[in-house]
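# Notes for the structure review
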Amino acid sequence: GSERGPLRVAPEVHSAARVGDEARLLSRTAPTWVCADRWAGASAACASATPPSVLLMDDGLQHPTLHRDLSLLVVDAEHLLGNGRVLPAGPLREPFHRSLARADAVVALSPPADAASRSLAEQPSECSLRRRLRLPPEMLLLRGRLRPAAEQSRRVSGARVVAFTATARPQRFFRTLRSLGCRL
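Report follows, based on the coordinates. As the structure is a prediction and not an experimental result, all values here were calculated from the model.

### Some words on the sheet that holds strand β4 (residues 105–110)
Spatial strand order, β3-β4-β5: three strands in an open sheet with parallel pairing. The sheet terminates laterally at β3 (72–76) and β5 (140–145), the two strands that pair on one side only. Mean inter-strand twist for the sheet, computed between neighbouring axes without regard to direction, equals 25 degrees. Strand direction decides the pairing type here: β3 and β4, joined by five bridges, are parallel. Note on β4: the bridge partner recorded for L72 is A105. Together, β3, β4 and β5 form the strand contacts of helix α5 (residues 126–133), whose direction differs from that of β5 by roughly 115 degrees.

Below is the structure:
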């Protein structure tokens, strides 16, 4: 979005053009702030009438001015580091070793399960992930899987939809929609 912030997002007031579509969606679930300056945004959230007890930040590892109690480095369990290169040549925001040095744990995140994807048991083993990511033995490795919210899943099941995505792997988005019963 175009908003420079800091601004607490109100989905009924703020457009996606102003605050971004992700911020609008997230604000329906939890208080959400947008700000080009991460430190200023965190400060505004903490100084608000209802200050948070926890701040979750997308891409917060790249902002060294923020105090952290816990830093999680999330990787795609299917594609790991892609080609290992930094944007625009690859999927990484910065060299992996630099992010890893600031992380307290690595989270290997799998897509939603469906008939076309592998089950969590069929995902790479912890040993395989550690080896492929070159994780030090002391680094905590967590596993997770995305799961669509049940209420939204029921609302779209059987619906005929036109889907658009600008994600790095659009096939994952389309596969998720099909697993929810959408007709593309």
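### Examining the pattern of salt bridges
A full pass over the atoms with the stated rule returns seven salt bridges. One salt bridge in this structure joins D76 and R172, with 2.9 Å as the shortest N-O distance. One end of the pair, D76, is in strand β3; the other, R172, is in helix α7 (residues 170–179), with 96 residues separating them in the sequence. Between E151 and R155 there is a salt bridge, with the nearest N and O atoms lying 3.8 Å from each other. With E151 and R155 both in helix α6 (residues 150–156) and four residues apart, this pair spans about one turn of that helix. According to the relative accessible area criterion, E151 is partly exposed, its value standing at 48%. Through salt bridges that share partners, D76, E78, R172 and R175 make up one connected network.

### Concerning the environment of R8
Within the fold, R8 resides in strand β1 (residues 7–8). Along the chain, R8 and T32 lie 24 residues apart, while their C-alpha atoms are 5.8 Å from each other. Setting aside chain neighbours within four positions, we find R8 in contact with H14, P31, T32, W33 and T50. Of note is the side chain of R8, whose polar atom sits 3.4 Å from the side chain of T50.

### Some words on α5
An α-helix turns once every 3.6 residues. As a result, residues three or four positions apart point the same way. Along α5, the residues that are buried comprise S128, L129, R130 and L133. The secondary structure elements touched by the buried residues of α5 are β3, α4 (96–102), β4 and β5. Immediately downstream of α5, the backbone of R134 shows phi near 55 degrees, a positive value.

### Looking at unusual backbone geometry
The residue after G5, namely P6, is reached through a cis peptide bond having omega 5 degrees. Positionally, P6 belongs in the segment before β1. The amide bond that connects L87 to the next residue, P88, takes the cis arrangement and shows omega of 5 degrees. Among the structural elements, P88 can be located in the loop between β3 and α4. Its identity as a non-glycine residue notwithstanding, L80 has a phi of 50 degrees, on the positive side. On the secondary structure map, L80 appears in the loop between β3 and α4. Given a relative accessible area of 13%, L80 falls into the buried group. Residue R134 is not a glycine yet carries a positive backbone phi of 55 degrees. In this fold, R134 is placed in the loop between α5 and β5. According to the relative accessible area criterion, R134 is exposed, its value standing at 72%.

### A look at the nonpolar core
In terms of nonpolar packing, the biggest core is built from 17 residues, with L73, V75, F96, L100, V106, L133 and L135 touching the most fellow members. In this structure V106 touches L73, V75, L100, L133, L135, M139, L140, L141 and L142, once residues within four positions along its chain are discounted. Core analysis: the next-biggest nonpolar cluster, separate from the first, contains five residues, L7, V9, A23 and V34 among them.

Here is what the cut-offs are and how they apply
- Residues numbered from 1 in each chain as written.
- Predicted model: local features only at pLDDT ≥ 70, side-chain atom pairs only at ≥ 80, totals over all residues.
- Heavy atoms only, no water.
- Pairing = 2+ DSSP bridges.
- Helix = DSSP H or I, 4+ residues; strand = E, 2+ residues; numbered from the N terminus.
- Axes fitted to C-alpha atoms, helices over the stretch in contact; angles between N-to-C directions.
- Contact = heavy atoms within 4.5 Å.
- Salt bridge = Lys/Arg side-chain N within 4 Å of Asp/Glu carboxyl O.
- Buried < 20%, exposed > 50% of the residue type's maximum accessible area, 1.4 Å probe, protein only.
- Polar contact = N/O pair within 3.5 Å; in protein donor to acceptor, adjacent residues only side chain to side chain.
- Core = buried A, V, L, I, M, F, W, Y, C linked by side-chain atoms within 4.5 Å.

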